[in-house]
Amino acid sequence: MSLSLVAYDDSDSETETDNTEVPNTSSKRTSQPSSSVNCVQYFAPGSLGTKFTYEMQPTDNTDCSGTSTACEDAFEHYVQNNNADLTSPCCKRACSGHTALCMSYKNHEQASSSSTNSGNGVSHKRLHKDSTTAIKGIRPYIPKRLRQENSSMPEKKEWDRRENSDCDVKLGISGEQTSRKISELIKPYLGSKYKLTELPKSLIFCMSKHSGPVNEIQWCPVQEQSHMLLSASMDKTVKVWNAVDTGCCLKTYSCHSCAVRAARWSSCGRRILSGGFDSMLHLTDVETGKQIFSSKNEFRISALKFHPTESNIFICGGFSPEVKSWDIRTSKVLRVYKAAVQQTLDILFLPEGKEFLTSTDAVSRDSADRTIIAWDFQSAAKISNQIFHERYTCPSLTLHPKESVFVAQTNGNYMALFSSQRPYRINKKKRYEGHKVEGFAVGCEFSPDGTLLVTGSSDGKVFFYNYHTARIIRTLSAHKEACVSAIFHPVLPSLLATCDWAGEVKIWQ
């Protein structure tokens, strides 16, 4: 019989392994004459279950030592197509004119195991990682357990990639160098008490980098870095401006795939929380643009607020009956606040953060008993939903900096004054009216000293009201489109920032 050394995988049957003979170097064995073609099968290193077959024709071209060279072409072809670590030279033997080919090869990890167990005939499975070269046209075998894990967690893998990915950040003219530099205009006011708010008169900067309507603006809460202004726009971007010294755009963050409806600074001034119509929440590092926290919601987001005392907790609401509180440290929802409404328009924390208010779109024919809802933050229970009884929705809420009152902007073209203590009664003697809302999400805000109340208008004007008398002090023709937000600077007593539906952000003094 002709002798051939065949390598098999562990999964082969026992009958095949029994037919395998170990060559004996001490004696020569003769084979019966045969005119059939000898087939040599061998495995590629590191490719389990993959066999290559070469047909070897009998040849008489042998040297004096009986060594045949009939398989040189096939062997060279194999070496060229497989960058494996093969032993050299091949072992070739010929007996009685008939040739039996034995090709031996090894790699670094298989050599030790094959040498120690060759005598007892124990076969060992080669490791899958013993070769980094994949055969062209052959797909590697993946165990069933790994296939099931990969198919059961596609969303998790996609989410991990999204969490590890960085936000697309574009630097402005001055870029990162001036983002943490204290402005020379702010230094004289640091450490001193806020002075009386003065009415702005002239335009300083007109910043028009946004290509869509600006939904929200906010000054940095850290006084040393309060030269930075945050803006969220319908053009899917969030921008940071140097709105005190140069009026230039410092950075642009493109983390969202749809319009950004809300964006807020963190209390430390190093992170930005944003939410939009893509139902995504992103907490982005201001300097690096990395996403520290990211989550997919079940609804489009229209309102975001950080907890006043717990910097790692925030509340989000939007086009859903639910309002959720999140913990950034665990990336999990802490509580869910459910109400029979369709959309949350704005969120306002009351002092100390034990209670908060939500304004909704729930109105009936003659009343709106769920337009403003008071919630207990810890228990997620409703405290009151009988706060505002008129048939107007309230697109924005703001808290007085010193007194226990808050103001609600209404679509009735006026602002209503409420007590921030239970039972949150409305002040029927004061009503701030004269501006126009007309369905826009027009914001309102108190001055830092609490003496003025400022609001935008759908006709592009800015109205300044005296808080105590509810009278209009001054009107500023700021924009051509609807002015949706106007906020005072927290340190500089006469600086005001406004934004409109055309994508412009303006600074007034």
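Now for a look at the structure at hand. (Residues numbered from 1 in each chain as written. Predicted model: local features only at pLDDT ≥ 70, side-chain atom pairs only at ≥ 80, totals over all residues. Heavy atoms only, no water.)

1. Focus: the overall build of the protein
Then, in step 1: Broken down by element type, the protein carries 5 helices and 33 strands.
Then, in step 2: Partitioning the intrachain contacts of the protein with sequence separation of at least 6 by distance along the chain shows that 48% fall at a separation of at least 24. (Helix = DSSP H or I, 4+ residues; strand = E, 2+ residues; numbered from the N terminus. Contact = heavy atoms within 4.5 Å.)

2. Let's talk about the sheet that holds strand β11 (residues 260–265)
Then, in step 1: If you trace the 4 strands from one edge of the open sheet to the other, you get β11-β12-β13-β14, paired in antiparallel fashion. In the strand order of this sheet, the two ends are held by β11 and β14 (291–296), each with one partner. Averaged over all neighbouring strand pairs, the angle between strand axes comes to 15 degrees, with direction disregarded. (Pairing = 2+ DSSP bridges. Axes fitted to C-alpha atoms, helices over the stretch in contact; angles between N-to-C directions.)

3. Quick word on the packing of aromatic side chains
Then, in step 1: Taken as a whole, this structure holds 17 aromatic pairs when the rule is applied.
Then, in step 2: Arranged with centres 6.1 Å apart and planes meeting at 65 degrees, the rings of F306 and F314 form a pair that is edge-to-face.
Then, in step 3: Among the residues examined, F306 registers a relative accessible area of 15% and is labelled buried.
Then, in step 4: With relative accessibility at 0%, the residue F314 sits in the buried group.
Then, in step 5: Judged by centre distance (5.9 Å) and plane angle (80 degrees), the ring pair of F388 and F418 falls under edge-to-face. Taken together, the residues F388 in the loop between β22 (382–384) and β23 (396–399) and F418 in strand β25 (residues 414–419) connect sequence positions 30 residues apart.
Then, in step 6: We classify F388 as buried; its relative accessible area is 1%.
Then, in step 7: By relative accessible area, F418 is classed as buried at 1%. (Phe/Tyr/Trp six-rings, centres within 6.5 Å; stacked < 30°, edge-to-face > 60°. Buried < 20%, exposed > 50% of the residue type's maximum accessible area, 1.4 Å probe, protein only.)

4. Details of the pairing of strand β10 (residues 248–254)
Then, in step 1: Among the 7 residues in β10, 5 count as buried, and that is most of the element.
Then, in step 2: Two elements, strand β9 (residues 238–242) and β10, share 5 bridges in a ladder whose sense is antiparallel. Paired with W241 across the bridge in β10 is C249.
Then, in step 3: Hairpin connection from β9 to β10: 5 residues lie between these consecutive antiparallel strands, with G247 at a positive phi of about 75 degrees.

5. Looking at the nonpolar core
Then, in step 1: One finds M207, I217, W219, L229, A497 and I507 to be the most contacted residues of the largest nonpolar core, which totals 20 residues.
Then, in step 2: Counting residues per element, the ones that place at least two in this core are β6 (203–207), β7 (214–219), β31 (483–488), β32 (496–500) and β33 (505–508).
Then, in step 3: Among the elements that make up this core, the one with the highest residue count is β7 (3 residues).
Then, in step 4: In contact with A497, not counting residues within four places along its chain, are I217, W219, L229, S485, A486, I487, K506 and I507. (Core = buried A, V, L, I, M, F, W, Y, C linked by side-chain atoms within 4.5 Å.)

6. What about the sheet that holds strand β24 (residues 405–410)?
Paired through their backbone hydrogen bonds, the strands of a sheet run either parallel or antiparallel.
Then, in step 1: Spatial ordering of the open sheet is given by β23-β24-β25-β26, a layout of 4 strands whose pairing is antiparallel. Among the strands making up the open sheet, the edge pair consists of β23 and β26 (426–433). Each neighbouring strand pair of the sheet contributes to a mean axis angle of 25 degrees, computed without reference to strand direction.
Then, in step 2: Relative to β25, β24 runs antiparallel, the two sharing 6 bridges. When the sheet's bridge partners are listed, T410 is paired in β25 with Y414.

7. Things to note about the environment of P200
Then, in step 1: In this fold, P200 is placed in the loop between β5 (168–171) and β6.
Then, in step 2: Counting along the chain gives 276 residues from P200 to L476, while the straight-line C-alpha distance between them is 8.7 Å.

8. Notes on the pattern of salt bridges
Then, in step 1: In total, this model carries 11 salt bridges according to the counting rule given.
Then, in step 2: Here R264 ties to E216 by a salt bridge, and the two come within 2.8 Å at their closest N and O atoms. Taken together, the residues R264 in strand β11 and E216 in strand β7 connect sequence positions 48 residues apart. Residues R264 and E216 agree in their burial class; the two are buried.
Then, in step 3: The partner of K305 in a salt bridge is D346, and the shortest N-O contact between them spans 3.6 Å. Here the residue K305 occupies a position in strand β15 (residues 301–306), and D346 occupies one in strand β19 (residues 344–349), the gap between them amounting to 41 residues. We note that K305, like D346, is buried. (Salt bridge = Lys/Arg side-chain N within 4 Å of Asp/Glu carboxyl O.)

9. Structural notes on the side chain of S457
Then, in step 1: Structurally, S457 is set in the loop between β28 (452–456) and β29 (461–466).
Then, in step 2: Polar side-chain contacts of S457 include one of 3.1 Å to the backbone nitrogen of K436.
Then, in step 3: A polar side-chain atom of S457 sits 2.6 Å from a polar atom in the side chain of D459.
Then, in step 4: Among all residues touching S457, those that are not within four sequence positions of it are H435, K436, V442, F463, A482 and C483. (Polar contact = N/O pair within 3.5 Å; in protein donor to acceptor, adjacent residues only side chain to side chain.)

10. A look at the environment of R471
Then, in step 1: Structurally, the position occupied by R471 is in the loop between β29 and β30 (472–477).
Then, in step 2: Note: C-alpha distance between R471 and G434 (37 residues apart in sequence) is 9.2 Å.
Then, in step 3: With residues up to four places along the chain from it excluded, the contact list for R471 reads F464, Y465 and N466.

11. Comments concerning the state of the cysteines
Then, in step 1: Summed over the entire model, instances satisfying the criterion amount to 0 disulfides.
Then, in step 2: For the unlinked cysteine C248, the closest cysteine sulfur is that of C249, found at 8.7 Å. (Disulfide = S-S within 2.5 Å.)

12. Overview of the side chain of R264
Then, in step 1: Overall, R264 belongs to the buried group, its relative accessible area being 18%.
Then, in step 2: Only 2.8 Å separates the side chain of R264 from the side chain of E216, close enough to count as a polar contact.
Then, in step 3: Each residue touching R264, except ones within four places of it in the same chain, is listed here: E216, Q218, L230, R271, I272, L273, L304, K305 and F306.

13. What to know about the environment of L453
Then, in step 1: Along the chain, L453 falls in strand β28.
Then, in step 2: Taking relative accessible area as the criterion, L453 reaches 0% and is therefore assigned buried.
Then, in step 3: Sequence separation between L453 and A470 is 17 residues; the distance between their C-alpha atoms is 8.7 Å.
Then, in step 4: Filtering out sequence-adjacent residues up to four positions away, L453 remains in contact with V407, M415, Y432, E445, F446, F463, F464 and Y465.

14. Comments concerning unusual backbone geometry
Then, in step 1: The residue after R422, namely P423, is reached through a cis peptide bond having omega 10 degrees.
Then, in step 2: As for its placement among the helices and strands, P423 is situated in the loop between β25 and β26.
Then, in step 3: One non-glycine residue with positive phi stands out, namely Y424, at about 60 degrees.
Then, in step 4: Mapped onto the elements, Y424 comes out in the loop between β25 and β26.
Then, in step 5: Y424 gets classed as buried once you look at its relative accessible area, which sits at 1%.

This is a description of form; function is not addressed.
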